[in-house]
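As a plain string of letters, each chain reads:
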Number of protein chains: 2
Amino acid sequence: MTTTAQGHPSPNSRPILIVGSIALDDVKTPVTERKNLLGGSASYAALGASLFSPVNLVGIVGLDFPSEHIELFQQRHIDLSGLQRVEGETFRWSGEYMENMNERETLSIALNVFEDFRPDLPPVYETTPFVLLGNIAPSLQSLVLDQVKDPILTIADTMDLWIQTTREDLDRLVARVDVLILNDSEADLLTGHRNPIKAAETILARGPKYVCVKKGEHGAILVGKNEGEFFSTSAYPIQDVLDPTGAGDTFAGGFAGYLASSEQQTPSFADMRQAVVYGTALASYNVESFSAEKIRTLQRPDVEKRVTELRAITQF
Amino acid sequence: MTTTAQGHPSPNSRPILIVGSIALDDVKTPVTERKNLLGGSASYAALGASLFSPVNLVGIVGLDFPSEHIELFQQRHIDLSGLQRVEGETFRWSGEYMENMNERETLSIALNVFEDFRPDLPPVYETTPFVLLGNIAPSLQSLVLDQVKDPILTIADTMDLWIQTTREDLDRLVARVDVLILNDSEADLLTGHRNPIKAAETILARGPKYVCVKKGEHGAILVGKNEGEFFSTSAYPIQDVLDPTGAGDTFAGGFAGYLASSEQQTPSFADMRQAVVYGTALASYNVESFSAEKIRTLQRPDVEKRVTELRAITQF
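Observations regarding the relation of the copies chain A and chain B
Part 1 of the argument: Overlay of chain A on chain B (RMSD 0.0 Å): rotation 180°, translation along the axis 0.0 Å. Here the copies are linked by what is in effect a two-fold axis.
Part 2 of the argument: When the interface residues of chain A are mapped onto chain B, 100% of them are again interface residues, pointing to one common binding face.

Section: the sheet that holds strand β2 (residues 23-28) of chain A
Residues and elements named next belong to chain A.
Part 1 of the argument: With mixed pairing, 4 strands are arranged side by side in an open sheet as β3-β2-β6-β7. Whereas interior strands pair on both sides, the edge strands pair on one side only; in this sheet they are β3 (33-39) and β7 (104-110). Across this sheet, the average inter-strand angle for adjacent strands is 20°, counted without regard to direction.
Part 2 of the argument: One ladder, built from 6 bridges, connects β2 with strand β6 (residues 91-97); its direction is parallel. Its bridge partner lying in β6, Ala23 is registered against Phe91.
Part 3 of the argument: Packing against the sheet, helix α1 (residues 41-49) makes contact with β2 and β3, and its axis sits at approximately 65° to β3.

Points about the environment of Gly192(A)
Residues and elements named next belong to chain A.
Part 1 of the argument: Inspection of the secondary structure assignment puts Gly192 in the loop between α6 (184-191) and α7 (196-204).
Part 2 of the argument: Residue Gly192 is classed as exposed on the basis of its relative accessible area of 59%.
Part 3 of the argument: Along the primary structure Gly192 and Gly62 are separated by 130 residues, whereas in three dimensions their C-alpha atoms are 39 Å apart.

Considering the interface of chain A and chain B
Part 1 of the argument: Opposite the 31 residues of chain A that make contact, chain B presents 31 residues.
Part 2 of the argument: Carbon and sulfur atoms make up 47% of the area that chain A and chain B hide from each other, which totals about 2,900 Å².
Part 3 of the argument: The largest per-residue losses of area from chain A upon contact with chain B belong to Arg194(A), Gln239(A) and Phe316(A), which jointly make up 28% of the total buried on that side.
Part 4 of the argument: For Lys198(A), the salt bridge is made with Asp240(B), and the minimal N-O distance between the two is 2.7 Å.
Part 5 of the argument: Along the contact surface separating chain A from chain B lie 22 residue pairs in polar contact (both at pLDDT 80 or more).
Part 6 of the argument: Those elements that place two or more of their residues in the side of chain A that touches chain B are α7, β13 (230-233), α9 (269-286) and α10 (300-314) of chain A.
Part 7 of the argument: Of all the elements, α10(A) adds the most residues to the side of chain A that touches chain B, at 6 residues.
Part 8 of the argument: Counted by class, the side of chain A that touches chain B contains 12 nonpolar, 11 polar and 8 charged residues.

Structural notes on the environment of Gln274(A)
Part 1 of the argument: Among the secondary structure elements, Gln274(A) is positioned in helix α9.
Part 2 of the argument: Taking the C-alpha atoms as reference, Gln274(A) lies 18 Å from Leu182(A); in sequence the two are 92 residues apart.
Part 3 of the argument: Not counting the four nearest positions on each side in its chain, Gln274(A) is found in contact with Tyr258(A), Arg311(A) and Phe316(B).

A word on helix α8 (residues 247-260) of chain A
Part 1 of the argument: With 14 residues, α8(A) should cover 20 Å at 1.5 Å per step; its first-to-last C-alpha distance of 20 Å lies within 8% of that length.
Part 2 of the argument: Buried residues dominate α8(A), accounting for 13 of its 14 residues.

Focus: unusual backbone geometry
Residues and elements named next belong to chain A.
Part 1 of the argument: Its identity is not glycine, yet Asn112 carries a phi of approximately 50°, on the positive side.
Part 2 of the argument: Here Asn112 lies in the loop between β7 and β8 (130-133).
Part 3 of the argument: For Asn112, a relative accessible area of 29% translates into the label partly exposed.

Focus: the confidence of the model for chain A
Residues and elements named next belong to chain A.
Part 1 of the argument: Model confidence for chain A is summarised by a mean pLDDT of 94, while 97% of its residues fall at 70 or above.
Part 2 of the argument: In this model residues 1-8 is a low-confidence stretch, pLDDT under 50, and it forms 24 contacts with partners more than four residues away in sequence or in other chains.
Part 3 of the argument: Taken together, the chains of this predicted complex give a pTM of 0.92 and an interface ipTM of 0.90.

How each quantity is defined
Residues numbered from 1 in each chain as written. Chains lettered and ligands numbered in written order. Predicted model: local features only at pLDDT ≥ 70, side-chain atom pairs only at ≥ 80, totals over all residues. Heavy atoms only, no water. Least-squares fit on C-alpha atoms with pLDDT ≥ 70 in both. Contact = heavy atoms within 4.5 Å. Pairing = 2+ DSSP bridges. Helix = DSSP H or I, 4+ residues; strand = E, 2+ residues; numbered from the N terminus. Axes fitted to C-alpha atoms, helices over the stretch in contact; angles between N-to-C directions. Buried < 20%, exposed > 50% of the residue type's maximum accessible area, 1.4 Å probe, protein only. Buried area = accessible area lost by both parts, 1.4 Å probe. Salt bridge = Lys/Arg side-chain N within 4 Å of Asp/Glu carboxyl O. Polar contact = N/O pair within 3.5 Å; in protein donor to acceptor, adjacent residues only side chain to side chain. Nonpolar A, V, L, I, M, F, W, Y, C, P; charged D, E, K, R; others polar. Expected span 1.5 Å × (residues − 1). pLDDT = per-residue confidence, 0-100.

Laid out in structure tokens, this is it:
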């Protein structure tokens with residue numbers, strides 16, 4: 001495997017399959033407004049993970065999807081044989097952030113080609129050892145899981161929409177994955193526990209080996225099934241959040257990508273801790289620019305820099 | 001100096017003067033209700049600090065103040081020559097916590113003897129090297145500051161009430177102290193910045209050398225005037241919060257008491273980091289019981305245990 005400045009520099013890095021949405025976003029913040037941005041859970045997650053491991057991307061776009069985004073994925077060594085390009089328009093999302101940049105309102109959604117998306121894996125993808133089921137309908141996430149053979153680690157991300165509208169599908173999925181990633185309000189919604197530790201333990205009882213609860217500017221916690229498996233980290237301090245869109249997906253991508261590049265065959269809890277920190281560092285870059293503008297040019301040393309800084313400011 | 005299991009075991013510990021309210025509280029939570037509890041910012045702070053350093057307490061109580069609380073202070077080697085005991089009733093506060101245990105409503109306040117409180121320091125207190133101005137009216141905090149001679153470190157805590165009602169007094173106080181401690185919503189209220197780092201930097205420009213912003217279950221940050229002085233810690237994970245009353249005061253007491261016991265003549269930023277962690281550990285015990293019921297029997301090894309645990313669960 002060749003190593004490039006932008007590529008996956010860990011000698012041990014193994015491929016990771018990432019499925020999710022690929023979108024064109026219009027984003028409005030209290031300060032400005034930007035249109036036609038690269039968006040979608042799989043876009044952010046794939047770009048994040050690509051800093052650590054080779055990515056097999058599964059998704060769908062319309063014929064209107066700009067070739068510059070395709071080229072970006074290719075530059076990042078993201079395999080696109082699982083990317084369907086079909087007649088019609090790409091999934092579109094438009095949202096507005098409120099003054100505090102924490103609350104967001106979805107202004108419009110046009111599923112377009114995503115409406116009939118059925119993730120069919122190219123045969124070479126079926127043995128991908130790491131699987132990140134990015135945030136899409138849990139029934140689609142399960143379809144991907146049905147097609148992979150003996151993965152080392154499966155990770156799923158989700159969101160409030162699926163907890164509220166497709167709860168049974170989600171419950172079935174949660175019972176099948178190794179790691180569930182979600183944010184604190186989603187963890188509350190899914191379990192009825194506002195306390196993220198209680199929420200995580202409730203979810204662990206439903207199947208996963210690990211639950212990671214993201215708390216935005218307050219960091220994240222990771223709880224494992226085994227006695228004593230608990231980790232808590234602060235967020236990397238950011239004073240000016242420009243656009244939080246995709247921060248959670250970037251976190252998931254960094255988390256999963258780091259694990260796929262870890263030394264151990266099956267990641268240990270120590271690896272999991274590191275993965276949370278790498279996800280945190282990547283997400284901190286993501287919020288500093290619109291769309292994936294910062295992530296797209298990021299180099300592995302940039303990430304290492306923030307991991308080192310986060311260690312320095314949290315050590316005592 | 002003799003060292004007892006309950007006392008201030010650091011050989012280098014220096015006295016700390018603590019002023020604040022001493023109260024009798026009625027506390028209602030979604031689960032239960034308790035009356036006539038020991039309360040007040042100085043009570044919590046003094047009990048917290050007493051685990052590390054000898055405390056000189058400045059405050060006022062009425063003749064109704066139970067002798068058992070006096071005995072508790074004495075057991076904790078808290079010097080009471082600055083405690084005024086006067087005709088009338090002790091300050092009373094009553095409050096109710098909402099379902100999430102984060103929101104609180106003050107049901108009633110009776111200032112009683114506190115109404116005419118004027119903190120006059122006994123002459124022996126004037127040279128106390130460390131000063132913690134617990135949460136009371138900033139004019140009273142300033143009066144104490146007027147009476148101390150060349151303190152090594154002065155620390156003030158405050159609350160939303162003073163930011164809203166006695167802002168000029170508070171601004172004058174803030175300009176005079178070395179460290180300001182406040183929570184995230186208070187920092188927002190005082191500066192107009194919801195981002196706690198921006199808020200802290202705004203406050204630093206007004207005088208203090210250090211600002212500590214407490215974020216409750218999300219931990220705390222500490223920001224210093226000098227380049228690179230930034231620290232962030234997670235909270236010690238607590239699943240069942242019984243009564244958060246006094247958590248902030250206990251934090252301040254632990255923070256200040258630890259610094260007074262530090263090896264260095266003037267605490268370094270490394271000491272300040274540790275102090276935040278000790279404050280965090282103490283506050284985590286405080287919320288696990290009503291009033292000071294857990295803090296009152298706490299031993300130094302109990303605190304060390306949680307500091308060690310917090311290090312273990314946040315290290316990567």
